[in-house]
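Fold and contact review
Here is what each chain is made of, one letter per residue.
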Amino acid sequence: MNTTVVAQLQRQFQDYIVSLYQQGFLDNQFSELRKLQDEGTPDFVSEVVSLFFDDCSKLIDTMSRSLERPDNVDFKQVDSGVHQLKGSSSSVGARRVKNVCISFKECCHVQNREGCLRCLQQVDYEYKMLKTKLQDLFNLEQQILQAGGTIPQVDIN
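The structure contained in this document is the topic of the report that follows. Computed from a predicted model, the values in this text were never measured in an experiment. Throughout, residues of each chain are indexed from 1 in the direction in which the sequence is written. In keeping with the predicted nature of the model, local features appear solely for residues at pLDDT of at least 70, side-chain atom pairs appear and are counted solely at 80 or more, and the whole-chain, interface and lining totals rest on all residues. To get the side-chain values, all heavy atoms of the structure are used, and hydrogens and water are removed first.

**A closer look at unusual backbone geometry**
Selection rule: Strands here are runs of E lasting at least two residues and helices are runs of H or I lasting at least four, both read from the DSSP assignment and numbered beginning at the N terminus.
One non-glycine residue with positive phi stands out, namely Gln 111, at about 55°. Mapped onto the elements of the fold, Gln 111 is located in the loop between helix 5 (95-109) and helix 6 (113-146).

Below, the structure written as structure tokens:
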């Protein structure tokens, strides 16, 4: 094990995860999720997050189809999808996604199709940004482990 390389990777990991919180991509729920991961379940967080992203993709597709026809939008169905997305984003600590869902729900309640379309576009963008950033984070974790190191605990508060 090259301790210099491990130390550099660990520092890079710490800086990167702190930046994700500072930029509002993640909230404390993500920290809570990370606490549930241990030696027995080393991929717990990445598996949970992967399921979240699969759900996001499906929900966004469904909501997009519901909003396609301007004369016949089922706002209750769109609102149901937003509600699911808001709940799942809250449970994994996806702060920006959750925040867009709050505005999205308001647009559904007043049946504002244009507002819903804007929010749908924004939630799609935020989810894809977060997915890329978390993939980078998980890749850093793998590099640390492959170099013989351990994943550092990061105190965000």
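Still to come is the rest of the account.
**Describing the pattern of salt bridges**
Close approach of charged atoms allows side chains of opposite charge to pair. Quick note on the threshold: Salt bridge, as applied in this entry: a Lys or Arg side-chain nitrogen positioned within 4 Å of an Asp or Glu carboxyl oxygen. For every residue, the accessible area obtained with a 1.4 Å probe (protein chains only) is divided by the maximum for its type, and the residue is called buried under 20%, exposed over 50%, and partly exposed between those limits.
Inspection of every chain in the model, using the stated rule, returns seven salt bridges. With a shortest N-O distance of 2.9 Å, Asp 15 and Arg 11 are connected by a salt bridge. Of this pair, Asp 15 and Arg 11 are both found in helix 1 (residues 3-22), four residues apart, which corresponds to roughly one turn of the helix. Residue classification places Arg 11 among the partly exposed positions, given a relative accessible area of 48%. We note a salt bridge from Glu 32 to Lys 35, for which the minimum N-O separation is 3.2 Å.

**A word on the packing of helix 2 (residues 28-35) against helix 3 (residues 44-67)**
Definition in use: Orientation is described by lines fitted to C-alpha atoms, with helices fitted over the stretch in contact, and by angles between N-to-C directions that extend from 0 to 180 degrees. Here the angle decides the label: under 35 degrees means roughly parallel, over 145 means roughly antiparallel, 65 to 115 means roughly perpendicular, and every other value means oblique. Should the near helix be turned counterclockwise from the far one by less than a right angle, the crossing is left-handed, whereas a clockwise turn marks it as right-handed. Here, residues are in contact when the closest pair of their heavy atoms is within 4.5 Å. The classification used treats Ala, Val, Leu, Ile, Met, Phe, Trp, Tyr, Cys and Pro as nonpolar, Asp, Glu, Lys and Arg as charged, and all other residues, Gly among them, as polar.
It is at 8 Å that the axes of helix 2 and helix 3 come closest, and there the two elements cross at 130°. As judged from the angle between their axes, helix 2 and helix 3 are oblique. Handedness of the helix 2/helix 3 crossing: right-handed. Of helix 3, the residues touching helix 2 (which contributes Phe 30, Leu 33 and Arg 34) are Phe 44, Val 45, Val 48 and Val 49. Taken together, the residues of the contact of helix 2 with helix 3 sort by class into six nonpolar, no polar and one charged.

**Observations regarding the nonpolar core**
Rule in force here: In this description, a nonpolar core means a group of buried Ala, Val, Leu, Ile, Met, Phe, Trp, Tyr and Cys residues linked to one another through side-chain atoms lying within 4.5 Å.
One finds Phe 30, Met 63, Phe 104, Val 123 and Leu 134 to be the most contacted residues of the largest nonpolar core, which totals 44 residues. Elements supplying a minimum of two residues to this core: helix 1, helix 2, helix 3, helix 4 (75-92), helix 5 and helix 6. Ranked by residue count, the leading element in this core is helix 6, at eleven residues.

**Here's the deal with the packing of aromatic side chains**
To be explicit about the condition: Side-chain rings of Phe, Tyr and Trp (the six-membered ring for Trp) are treated as a pair once their centres are within 6.5 Å; stacked means planes under 30 degrees apart, edge-to-face means over 60, and tilted covers the remaining angles. Whether a charge lies above a ring is judged from NZ of Lys or CZ of Arg, which has to be within 6 Å of the ring centre and within 35 degrees of the ring normal.
Within the structure shown, the criterion is met by two aromatic pairs. When the ring of Phe 52 is compared with that of Phe 53, the centres are 5.2 Å apart and the planes differ by 50°; the resulting orientation is tilted. Comparing Phe 52 with Phe 53, the two get one shared label, buried. A ring pair is formed by Phe 53 and Tyr 127, whose centres lie 5.9 Å apart and whose planes are at 45°; its orientation type is tilted. Linking Phe 53 in helix 3 with Tyr 127 in helix 6, this pair joins segments that are 74 residues apart in sequence. In this structure Tyr 127 comes out as buried when scored by relative accessible area, which is 6%. Members of the aromatic cluster, joined through ring pairs, are Phe 52, Phe 53 and Tyr 127. One residue, Arg 96, lies across the ring of Phe 25, its end atom 3.8 Å from the ring centre.

**Some thoughts on the environment of Val 48**
Mapped onto the fold, Val 48 is located in helix 3. Overall, the relative accessible area of 23% leaves Val 48 in the partly exposed class. Beyond its immediate stretch of four places on either side in the chain, Val 48 contacts Leu 33 and Val 92.

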